[in-house]
Amino acid sequence: MKRPHILMPAKMSDGVIEALDARFVLHRLWEQADREAYLARVAPDIVGLAASSLAGRIGPDWFARLPALQIVANFGVGYDNIDAMAAADRGIVVTNTPGVLDDEVADLTIGLLLATLRRIPQADRYVRDGRWRDAPFPLSPTLRGRRVGIIGLGAIGKAVAQRLEGFGVSIAYHGRSRQADVAYEYHATPVSIAGACDVLIAVVPGGAGTLHLVDASVLAALGPNGVLINVSRGSVVDQDALIAALQAGTIWGAGLDVYATEPNVPEALCALPNVVLLPHIGSGSEHTRRAMGELVVDNLVSWFDTGRAITPVPETADRG
């Protein structure tokens, strides 16, 4: 039986590559000295695309060059790197990797929140720099008595809320609509929830619909005791407004795992003492990344074996 041809624009893990090699003809675009010439040669045969954010934007230009493309299997629950509507218009299925990373991202979110409030990275540097011998480390703020607002109460947001319940804090949420089976307090706008809370956690998908959802007005409502935690996408927060708010004391601090243009982090953010910065590691454990890679492979295998994808995104669900 003829094996389907799959294109991988940017390198994924060895496990994903080996699994795809075993079932498909895998084209490693990142290894080619002349990528344009190689792509022109293999493009008519490509029926599947194994994509990640490292491949850049996957949209109409890609789809036009791959006339036989049937499926884009994305590595990640977020898929704002893919123009899913343009894919749907061409009858192309897009899949992502939901579920397998929810707990990992939720765990990291709680860790980032505690690290920001209790200034754990700063305390570590204090010891390493030998300053503890001269004076005790300054007292930090606390999570005790905090009011936490979650923007985006999807699967990851719910996992974050479940963990927060153990800390005895009040929890509220904002989303596009109230969820009937959720007991947490609902707020219809980001400004409203920011004004009611002093910890604001962003866990929404990226894309045009959430661009700068957290802007200067939301940060002002959060207030001088407020802390912002962003584990969603850098585009969700107006980064310039955030820097200005941190510098001016409009909010107390921030914990960030994502940025506007990764991996470029502004020097102004790096220079701030009231920020904890992580290199987009929300799902970055060996266990979870392995599970994500397996779901990428499983989606491609299922599609070409049965004509159905396992986890099609909503825009293309009726095709997969």
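This report concerns the structure included in the present document. This is a predicted model, so every value here is computed, not measured.

Criteria and thresholds
- Residues numbered from 1 in each chain as written.
- Predicted model: local features only at pLDDT ≥ 70, side-chain atom pairs only at ≥ 80, totals over all residues.
- Heavy atoms only, no water.
- Helix = DSSP H or I, 4+ residues; strand = E, 2+ residues; numbered from the N terminus.
- Rg over C-alpha atoms; globule rule 2.2 N^0.38 Å.
- Lys, Arg positive; Asp, Glu negative; His and termini not counted.
- Charge placed at Lys NZ, Arg CZ, Asp CG, Glu CD.
- Contact = heavy atoms within 4.5 Å.
- Core = buried A, V, L, I, M, F, W, Y, C linked by side-chain atoms within 4.5 Å.
- Buried < 20%, exposed > 50% of the residue type's maximum accessible area, 1.4 Å probe, protein only.
- Axes fitted to C-alpha atoms, helices over the stretch in contact; angles between N-to-C directions.
- Parallel < 35°, antiparallel > 145°, perpendicular 65-115°, else oblique.
- Left-handed = near helix turned anticlockwise from the far one by under 90°.
- Nonpolar A, V, L, I, M, F, W, Y, C, P; charged D, E, K, R; others polar.
- Pairing = 2+ DSSP bridges.
- 1 Å grid on protein atoms, 1.4 Å probe; cavity = no way out; pocket = protein on both sides within 12 Å on 5 of 7 lines; lining within 4 Å.
- Points joined across faces, edges and corners; volume = space filled by probe spheres on them.

### Things to note about the overall build of the chain
Tallying secondary structure elements over the chain gives 12 helices and 12 strands in all. A compact globule built from 320 residues would reach a C-alpha radius of gyration of about 20 Å, and the chain, at 22 Å, matches this within 12%. Structurally, the chain occupies a C-alpha span of about 70 × 50 × 30 Å along its principal axes. Averaged over its 28 positive side-chain charges, the chain has a centre that lies 2 Å from the centre of its 34 negative ones.

### Focus on the environment of Val214
Along the chain, the position of Val214 falls in the loop between strand 9 (199-202) and helix 9 (216-222). If we ignore the near neighbours within four places in the chain, the residues touching Val214 are Ile151, Leu219, Leu228, Val236, Val237 and Asp238.

### Examining the nonpolar core
Within the largest apolar cluster, 31 residues are counted, with the highest numbers of intra-cluster contacts made by Ile150, Val160, Leu164 and Ile201. For this core, the element with the highest residue contribution is helix 5 (residues 102-117), accounting for seven residues. Beyond its immediate chain neighbours, meaning those up to four positions away, Ile201 contacts Thr109, Val148, Gly149, Ile150, Ile151, Val160, Leu164 and Ile229.

### A closer look at unusual backbone geometry
Note that the residue after Glu262, namely Pro263, is joined by a cis bond; omega there is 5°. Here Pro263 is to be found in the loop between strand 11 (253-256) and helix 11 (267-270). For His212, which is not a glycine, the phi torsion comes out positive at approximately 55°. Considering the arrangement of structural elements, one finds His212 in the loop between strand 9 and helix 9. We classify His212 as partly exposed; its relative accessible area is 36%.

### Brief notes about the packing of helix 1 (residues 14-23) against helix 12 (residues 286-306)
Where helix 1 contacts helix 12, the two axes come as close as 9 Å, and the packing angle between them is 15°. As summarised for this structure, helix 1 and helix 12 are arranged roughly parallel, according to the angle between their axes. The element helix 1 and its partner helix 12 pack so that their crossing is right-handed. Listed contacts from helix 12 to Val16, Ala19, Leu20 and Arg23 of helix 1 are Gly293, Val297, Leu300, Val301 and Asp305. Among the residues making up the contact of helix 1 with helix 12, the classes are represented as six nonpolar, one polar and two charged.

### Let's talk about the packing of helix 5 against helix 7 (residues 155-165)
The geometry of helix 5 relative to helix 7 is characterised by a closest axis approach of 8 Å and an angle of 50° between their N-to-C directions. Considering the angle they form, helix 5 stands oblique to helix 7. Along this stretch, helix 5 crosses helix 7, giving a crossing that reads as right-handed. Across the interface between the two elements, Asp102, Asp103, Val105, Ala106, Asp107, Thr109, Ile110 and Leu113 of helix 5 pack against Ala155, Ile156, Ala159, Val160, Arg163 and Leu164 of helix 7. Here the contact of helix 5 with helix 7 is built from residues that sort into nine nonpolar, one polar and four charged.

### Concerning helix 7
Along helix 7, the positions that sit buried rather than exposed are Ile156, Gly157, Ala159, Val160, Ala161 and Leu164. Contacts made by the buried residues of helix 7 are with helix 5, strand 6 (147-151), strand 7 (170-174) and strand 9.

### Focus: the sheet that holds strand 10 (residues 227-230)
What links the strands of a sheet is backbone hydrogen bonding, and the strands pair in either a parallel or an antiparallel sense. Spatial strand order, 8-7-6-9-10-11-12: seven strands in an open sheet with parallel pairing. For this open sheet the edge positions go to strand 8 (185-187) and strand 12 (275-277), each flanked by a neighbour on one side alone. Across this sheet, the average inter-strand angle for adjacent strands is 20°, counted without regard to direction. Direction of pairing for strand 9 relative to strand 10: parallel, over a ladder of four bridges. Its bridge partner lying in strand 10, Ile201 is registered against Ile229.

### Let's talk about empty space enclosed by the protein
Empty space among the atoms becomes apparent when a probe as large as a water molecule is rolled across them. Summed over the entire model, instances satisfying the criterion amount to two cavities of 30 Å³ or more. Taken as a whole, the largest cavity holds about 50 Å³ of empty space. As for the largest cavity, its lining consists of Asn230, Gly234, Val237, Gln239, Leu242, Leu256, Val258, Tyr259 and Ala260. Within the lining of the largest cavity, the residues separate by chemical class into six nonpolar, three polar and no charged.

In short, geometric facts, not functional conclusions.
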